[in-house]
Amino acid sequence: METESDSKECELPLKKSGPKPGIIYLSSIPPYMKPNKVRNIMSQYGEVGKIYLQPEDAEIRKRRKVGGGSGKKKFTEGWVEFKKKRIAKAVVQSLNGNIIGGKKGSYYHDDIWAMKYLPRFKWSNLTEKLAYDSAVRKKKLQQEMTQVKKETNFFLEQVDKNKQISAIKRKREEKQSTSHKDTPVTAGEDKTDSMNSSKAPKQRKLAQSSLRTKPIPSDILSSVFTQ
């Protein structure tokens, strides 16, 4: 038979669940603001847990530096975890769309916060998202490298083909020029050509002289008129 004391021993104390954390999303980060600066600002409103800021693409940073811009690291977006969900909501309602403020003339004074509270969002969701994004970037990079390799191989093949075609043309031209030089000229042909060339001016002179009218002798003319 179960006694009253036994039933009390079986009752376990209920654990009080602590405050649930809340995560806010920063859709843009002021230029060159670092995670420590974000933590210092957000800690003014409540206890902050984890913070993650997404660095900008390395190629974009490199192009900016080559173009004469700053080589400092920039961040494109971020996530901030508050230990209490209600604090996270209050921070978004208070800061979203407003300037960062602080001391007048400070570097970030006129930058504007752009943030959103993420309901039912856990930090594990973020790690999964980052892992997925990393895998997508890796796959995209592999595809780009494969495409570049294909284009390079195609270009090299075309260069080799052009070299082969040029070599064939060059050999053909050399062969033709050699065959013209090696064709023999016979002695009879050479003599006939020289004779024909020497006779040509003489024949022209004879033809010209035959066309001229010869003068009639004077004794023949006198005999005609005397009759």
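Residues numbered from 1 in each chain as written. Predicted model: local features only at pLDDT ≥ 70, side-chain atom pairs only at ≥ 80, totals over all residues. Heavy atoms only, no water.

Turning our attention to the pattern of salt bridges. Under the definition given, this model contains 2 salt bridges. Of the charged contacts, one joins Lys50 and Glu81 as a salt bridge, the two residues approaching to 3.9 Å between their closest N and O atoms. Note that Lys50 is positioned in strand S2 (residues 48–55) and Glu81 in strand S3 (residues 75–82), a separation of 31 residues in sequence. When its relative accessible area of 42% is taken as the criterion, Lys50 is described as partly exposed. The exposure class assigned to Glu81 is buried, which follows from its relative accessible area of 8%. Close ionic contact of Glu56 with Arg64 constitutes a salt bridge, the shortest N to O distance being 2.8 Å. Comparing Glu56 with Arg64, the two get one shared label, buried. (Salt bridge = Lys/Arg side-chain N within 4 Å of Asp/Glu carboxyl O. Helix = DSSP H or I, 4+ residues; strand = E, 2+ residues; numbered from the N terminus. Buried < 20%, exposed > 50% of the residue type's maximum accessible area, 1.4 Å probe, protein only.)

Relative to the helices and strands, Ile23 is located in strand S1 (residues 22–26). Its relative accessible area of 2% is what places Ile23 among the buried residues. Separated by 25 residues in sequence, Ile23 and Val48 place their C-alpha atoms 9.7 Å apart. With sequence-adjacent residues up to four places away left out, Ile23 is seen in contact with Trp79, Val80, Glu81, Ala88, Lys116, Tyr117, Leu118, Phe121, Lys122 and Trp123. (Contact = heavy atoms within 4.5 Å.)

For the rest of this paragraph, the subject is the packing of aromatic side chains. Evaluated as defined, the whole model comprises 3 aromatic pairs. Measuring from ring centre to ring centre gives 5.3 Å for Tyr25 and Trp79, while their planes differ by 50°; the resulting arrangement is tilted. With a gap of 54 residues between them, Tyr25 in strand S1 and Trp79 in strand S3 connect regions that are remote in the sequence. By relative accessible area, which is 21% here, Tyr25 ends up partly exposed. These aromatic residues form a ring-pair network of at least three members: Tyr25, Tyr52 and Trp79. Sitting above the plane of the Tyr32 ring, Lys74 keeps its charged end 5.7 Å from the centroid. (Phe/Tyr/Trp six-rings, centres within 6.5 Å; stacked < 30°, edge-to-face > 60°. Lys NZ or Arg CZ within 6 Å of the ring centre and 35° of its normal.)

Moving on, we come to the nonpolar core. One finds Ile24, Leu26, Met42, Val80, Phe82, Trp113 and Met115 to be the most contacted residues of the largest nonpolar core, which totals 24 residues. Here this core gets 5 residues from one element, more than from any other, and that element is helix H4 (residues 85–95). If near-sequence neighbours (up to four positions away) are discounted, Met115 is found in contact with Ile24, Tyr25, Leu26, Met42, Val91, Val92, Leu95 and Asn96. Membership of the second largest hydrophobic core comes to 5 residues, among which are Ile23, Leu118, Trp123 and Leu126. (Core = buried A, V, L, I, M, F, W, Y, C linked by side-chain atoms within 4.5 Å.)

Pairing is antiparallel in the open sheet, where 4 strands are placed in the order S2-S3-S1-S4. The strands lining the two open edges of the sheet, one partner per strand, are S2 and strand S4 (115–118). Between one strand and the next, the sheet's axes are offset by a mean angle of 20°, whatever the strand orientation. Two strands pair when backbone bridges link them, and S1 and S4 are joined in this way by 4 bridges, in the antiparallel orientation. The residue of S4 that forms the bridge with Ile24 is Tyr117. Sitting on the sheet, helix H2 (residues 35–42) touches S1, S2, S3 and S4, and the angle it makes with S2 is about 145°. Running at roughly 155° to S4, H4 makes contact with S1, S3 and S4 of the sheet. (Pairing = 2+ DSSP bridges. Axes fitted to C-alpha atoms, helices over the stretch in contact; angles between N-to-C directions.)

On their own, these measurements won't tell you what the molecule is for.
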